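Structure assessment
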Amino acid sequence: MDTKAVKSACETCGHFNADGLKKLGIKTDNFDFVVALAGNPNTGKSTVFNALTGLRQHTGNWPGKTVTRAEGGFQYNEQKYKLVDLPGTYSLLSTSTDEEVARDFLLFGRPDVTVIVADANRLERNLNLVLQILEITDKAVLCLNLMDEAKRNNIVIDQRTLARDLGIPVVATSARYNEGVPELIQTISEVANGTIICKPHRIKNVPPNIEKAVKKLSAEIEKEFPGISNSRWIAFRLLEGDSQIIEALKTGELV
Amino acid sequence: MTKKNIDHIIELSNELRWQIGDDFHDNLTEGIYADAANIVKDSVHTEKGKKRFRLDSKIDKIVTSKTFGFPIMFLILGVVLWLTIIGANYPSSMLANLLLDTIHPALKSGASSIGMPWWLDGFLIDGVYLAVAWVIAVMLPPMAIFFPLFTLLEDFGYLPRVAFNLDNLFKKSGAHGKQALTMSMGFGCNAAGVVATRIIDSPRERLIAIITNNFSLCNGRWPTQILIATIFIGAVVPSSFSSVAALLSVIGIAVLGMAFMFLTSWALSKTVLKGEVSTFNLELPPYRPPRFWKTLYTSLIDRTLIVLWRAIVFAAPAGAVIWLISNIFIGDVSIAVWLIDSFDGFGWLLGLNGVILLAYIVAIPANEIVIPTILMLTVMATGISGGEGAGVMFELDSMDATTDILKAGGWTLLTAINLMLFSLLHNPCSTTIYTIYKETKSTKWTVVASVLPVILGFIVTFLVAQIWRLF
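Note that the structure is a prediction, hence the values are computed from the model and not measured. (Residues numbered from 1 in each chain as written. Chains lettered and ligands numbered in written order. Predicted model: local features only at pLDDT ≥ 70, side-chain atom pairs only at ≥ 80, totals over all residues. Heavy atoms only, no water.)

1. Focus on the overall build of chain A
What counts is decided by this rule: The numbering of helices and of strands both runs from the N terminus, where a helix is a DSSP run of H or I of at least 4 residues and a strand a run of E of at least 2. Any two residues whose heavy atoms approach within 4.5 Å at even a single point are treated as in contact. Accessible surface area values rest on a Shrake-Rupley calculation with a 1.4 Å probe, where residue burial reflects the displayed protein chains alone.
From N to C terminus, chain A includes ten helices and eight strands. The long-range share in chain A, meaning contacts at least 24 apart out of those at least 6 apart in sequence, stands at 70%. Within the structure as shown, chain A displays about 9600 Å² of accessible surface, and the carbon and sulfur contribution to it stands at 49%.

Structural data, given as structure tokens:
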């Protein structure tokens, strides 16, 4: 895999240009990149959002607190980023309004970088969403948040192996204490500018008959829409009979 | 964007769907989980001695237990309210001293020294300024104590436990268990609570949660409850028990609100909003020690000041309106007196009075200004001394002065109790009504959500008044 492994904190410190960071609050005009913050409920997305933008979105220790999407901005090394804080969701295959907000934005808002915030204490369960998002986008960063709690729970995560397996950079943070946030910003900018090329994991353990059907269908989709990056995910959704996706394909919104 | 011809793709997908069978969704989900398990196996290691998980579950065993769950909930609510009631007293009277006793006379003499016409001086200083000053003096101290305490509890992770405790009750009333979370948000602000109902997937249960959110006492109403309870309920018991009595009566009103929430949810789910109760998973997050100073800072800046600002924005025009209706005369009575007189009969039936009903109309934009409006109108209607003329909220340097005004306005213990009930059961503020419309996109349900609580309020206060007068 030619994925560039995530740099260690020490390395990034040298690169991280603290003077280059400017929190822009709600000023999000003329941005160069759109960054989405996605993740399971109660993993600290809003805390990461606040740490990056200098805004004070209401945070609280309960799942489902953010129900609308919040936007803010920051500037790093002369480039402007618009950050979108999405409601927490366990899956992209769901029905409630708050989860739809997240799903629609990832699909139709086409962010330049998607930061997936995961709870380091519950990584396995969080990966369910991570793997789904990686089917949709190939520019993503995994923000392994709540590392302070993981440390207290004696959980050790091998970030290099994780980054290699997922094919995207992994940054460990404790956003509440601003730990790892500089590294996160640096990584976001490298992914946005194409310095880091992701090669995201694609779901492997699919039964052969389904895999065959998906291949056939996504080949057909790619023929109709050349250069589409998430044909496999669209194939999954079509096989499920997702009427919203069918509609979006018809109007060309997805491409 | 051009329309694409994708019929053949859809056709192919329909065909393939038949071939792969019904288990597609499950197979895919299982595939994702298997991948996740593989990845985690290689990169996550847990060392022995997972102590904190055990501590968390020990706390959970107590706070969500059948025996202790509810008592602990009420105890926490009680402590929070008690700290608010006790703590808000001193800063309130200090602020009243400063804004009403010192700055107001200074403004008045300043205005007369530059020869400001009486109507402009009255409109600006006696109307707008006094309404704003009153709102700050009454609202700021309790909010500055209540919000940080509430936010600390929220950061600690207590709210999902409340939802867990109440789940059974909500299920029995045919509503969604997550309504407990939106209810808790409503204790801060009903408009926020209505927006928070988006976490409920089923439209039926979401509608129930929206309609009944108003039964959560919001921050615009807590100060009213606390003030009236302190003045009237606190006064009927020996003074050493008065703050306890006030506290218990406020908790009683809050609990009554929850009872109405369950009853209304039940009635709605049995009649116009029939349907199955949906199941859901509620994650109990780990307890997190709140970052005390940061929480204090953000809840003061964000919640308290934003809510206060809203109150001021609405109080200023309301003050102007009150001054105007008190100073514009039709024949030989002012509009305000005329309105109060015509509401008095109906008010008497409800154990209230014309002033209170008029105040609730003036205060539709914001519940926060109900008490200041009542005081301004009472002073004007009774014409008691101390004020500087019609429609002027005059200097209130202590709670005693407030008591004197209200007693002069003919208030009894019944008026106080029914005001507390009516404050719980009346239409939502205009912001909440607008939010309900935005969330439901339905005029019908917006009207139901706005009118239903008022009707309940009329019925309850009427019954209480009739029974009270029997004895």
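2. Quick word on the overall build of chain B
Threshold: Buried means the residue's accessible area, taken with a 1.4 Å probe over protein chains only, is under 20% of the maximum for its type, while exposed means over 50%, and partly exposed covers the values in between. Residues counted as positive are Lys and Arg, residues counted as negative are Asp and Glu, and His and the chain ends are not counted. Charge coordinates come from a single atom per side chain, which is NZ of Lys, CZ of Arg, CG of Asp or CD of Glu.
Of regular secondary structure, chain B possesses 19 helices and three strands. Seen through its C-alpha atoms, chain B measures out along the principal axes to roughly 85 × 60 × 55 Å. The 471 residues of chain B split such that 53% are buried. Long-range contacts, defined here as pairs at least 24 residues apart, represent 78% of the contacts in chain B between residues at least 6 apart. Of the side chains in chain B, 33 bear a positive and 33 a negative charge, and the two mean positions are spaced by 8 Å.

3. Considerations on the environment of L239 of chain A
Secondary-structure assignment places L239 of chain A in helix α9 (residues 231–240). Spatially, the C-alpha atoms of L239 of chain A and K223 of chain A are 18 Å apart, while their sequence positions differ by 16 residues. Residues in contact with L239 of chain A, not counting those within four places in the same chain, are A213, V214 and L217 of chain A together with S13, L16, R17, I20 and F24 of chain B.

4. Here we look at the pattern of salt bridges
Definition in use: A carboxyl oxygen of Asp or Glu within 4 Å of a side-chain nitrogen of Lys or Arg is what we treat as a salt bridge.
Overall, the coordinates contain 16 salt bridges over all chains when judged by the stated rule. Residue R232 of chain A is joined to E135 of chain A by a salt bridge in which the shortest nitrogen-to-oxygen separation is 3.2 Å. Here the residue R232 of chain A occupies a position in helix α9, and E135 of chain A occupies one in helix α4 (residues 123–136), the gap between them amounting to 97 residues. Of the residues examined, E135 of chain A reaches a relative accessible area of 0% and is grouped as buried. Residue R206 of chain B is joined to E439 of chain B by a salt bridge in which the shortest nitrogen-to-oxygen separation is 2.5 Å.

5. Some points on helix α18 (residues 430–440) of chain B
Residue and element names in this part refer to chain B. Our working rule: It is the directions from the helix axis to the C-beta atoms that the arc portrays.
T432, T435, I436, E439 and T440 are the residues of α18 that are buried. Each buried residue of α18 lies within a common arc of 115° when the element is viewed along its axis, so the set occupies one face. On the buried face of α18, the contacting elements are α8 (190–196), α9 (203–212) and α19 (443–470).

6. Considerations on a nonpolar patch on the surface
Residue and element names in this part refer to chain B. What counts, and what does not: Patch building starts from residues that exceed 30% relative accessible area and form no salt bridge, then joins like charges within 9 Å and nonpolar side chains (Val, Leu, Ile, Met, Phe, Trp, Tyr) within 5 Å.
Taken together, the side chains of F346, W348, L349, V447, V451, I455, I459, F462, L463, I467, L470 and F471 make up a nonpolar region of the molecular surface, amounting to roughly 1200 Å² of accessible area. When residues of the nonpolar patch are traced back to their parent elements, those giving at least two are α13 (335–349) and α19. Considering every element that reaches the nonpolar patch, the biggest residue donor is α19, with eight residues. Of note, V447 is situated in helix α19.

7. Overview of helix α6 (residues 159–172) of chain B
All names here are of chain B. What counts is decided by this rule: Each residue after the first adds 1.5 Å to the expected span of a helix. Take the seven residues that end at a residue and the seven that start at it, fit an axis to each, and the angle between those axes is the bend at that residue.
Helix length check: α6 (14 residues) gives 20 Å between terminal C-alpha atoms against 20 Å at 1.5 Å per residue, within 8%. At L166, α6 shows its largest bend, some 50°. Looking only at α6, the buried set comprises L159, P160, R161, V162, A163, N165, L166 and F170. Once α6 finishes, G174 follows within two positions and takes phi at roughly 75°, a positive value.

8. Digging into the interface of chain B and chain A
Think of interface size as the accessible area that goes away when the parts come together; that is how it is often given. Rules: As used here, buried area is the combined drop in accessible area, with a 1.4 Å probe, of two parts when they are placed together. Throughout this description, a polar contact denotes any pair of N or O atoms lying within 3.5 Å of each other; where both atoms belong to protein, one of them has to be capable of donating a hydrogen while the other can accept it, and for residues adjacent in sequence the pair is counted only when both atoms sit in side chains.
The interface is formed by 66 residues belonging to chain B together with 66 residues belonging to chain A. Overall, the association of chain B and chain A removes approximately 6400 Å² of surface from exposure, summing both partners, and the carbon and sulfur fraction of that is 61%. When the buried area of chain B at its contact with chain A is split by residue, R198, E283 and R288 of chain B rank highest and sum to 10% of it. For the salt bridge of R288 of chain B with E149 of chain A, the shortest nitrogen-to-oxygen distance reads 2.5 Å. Between chain B and chain A we count ten residue pairs in polar contact (both at pLDDT 80 or more) in total.

9. Observations regarding the nonpolar core
Which entries qualify depends on this criterion: Only buried residues count toward a nonpolar core. Its members are Ala, Val, Leu, Ile, Met, Phe, Trp, Tyr and Cys residues joined through side-chain atoms within 4.5 Å.
By size, the foremost hydrophobic cluster in this structure holds 111 residues, and its most contacted members are L166, I228, I374, L377 and L419 of chain B. Considering every element that reaches this core, the biggest residue donor is helix α5 (residues 118–156) of chain B, with 15 residues. Those residues within four positions of L419 of chain B in sequence are excluded, and the remaining contacts are I228, L352, I356, Y360, I371, I374 and W411 of chain B. The next biggest cluster of nonpolar side chains, apart from the first, holds 91 residues, and it includes A102, I196 and C198 of chain A together with L16 of chain B.

10. What to know about the sheet that holds strand β2 (residues 33–39) of chain A
Residue and element names in this part refer to chain A. For clarity, the threshold we go by: We call two strands paired when DSSP finds no fewer than two bridges between them. Every axis in this analysis is a line fitted to C-alpha atoms, fitted for helices over the stretch in contact. Angles between the N-to-C directions lie between 0 and 180 degrees.
In space, the seven strands of this open sheet follow the order β1-β3-β4-β2-β5-β6-β8, with mixed pairing throughout. The open sheet has two free edges, formed respectively by β1 (21–25) and β8 (170–172), since each of these has just one partner strand. Strand-to-strand twist of the sheet, defined as the mean angle between neighbouring strand axes without regard to direction, takes the value 25°. For strand β6 (residues 140–145) and β8, the ladder comprises three bridges, and the chain directions are parallel. Paired with L144 across the bridge in β8 is A172.

11. Here we look at the packing of aromatic side chains
Residue and element names in this part refer to chain B. Applied cut-off: A pair of aromatic rings is counted whenever rings of Phe, Tyr or Trp (Trp by its six-membered ring) have centres within 6.5 Å, and the orientation is called stacked for planes under 30 degrees apart, edge-to-face for over 60 and tilted otherwise. For a ring to carry a charge above it, either NZ of a lysine or CZ of an arginine must fall within 6 Å of the ring centroid while also lying within 35 degrees of the normal to the ring plane.
Tallied over the full model, the rule gives 15 aromatic pairs over all chains. Between Y360 and F422, the ring centres sit 5.1 Å apart and the planes meet at 90°, which makes this aromatic pair edge-to-face. In this pair, Y360 sits in helix α14 (residues 354–362) while F422 sits in helix α17 (residues 413–424), placing the two residues 62 residues apart along the sequence. Connected via pairs of aromatic rings, a cluster forms that spans F346, Y360, F422 and F458. The ring centre of Y287 lies 4.0 Å from the NZ or CZ of R161, which sits over that ring. In this structure, R469 packs its charged tip against the face of W348, placed 3.7 Å from the ring centre.

12. Thoughts on the confidence of the model for chain A
Residues and elements named next belong to chain A. For the record, the criterion: One number per residue, pLDDT, summarises how confident the predictor is, and it ranges from 0 to 100.
Scored by pLDDT, chain A has a mean of 83; 85% of the residues are at 70 or more. Looking at the elements of chain A, mean pLDDT is at its lowest for helix α1 (residues 9–15), recorded as 49, and at its highest for β8, recorded as 96. Predicted confidence is poor over residues 1–5, with pLDDT under 50, and the contacts of this stretch with residues over four places away or in other chains come to twelve contacts. Contacts for the low-pLDDT stretch residues 7–11, under 50 throughout, to residues beyond four places or in other chains number four contacts.

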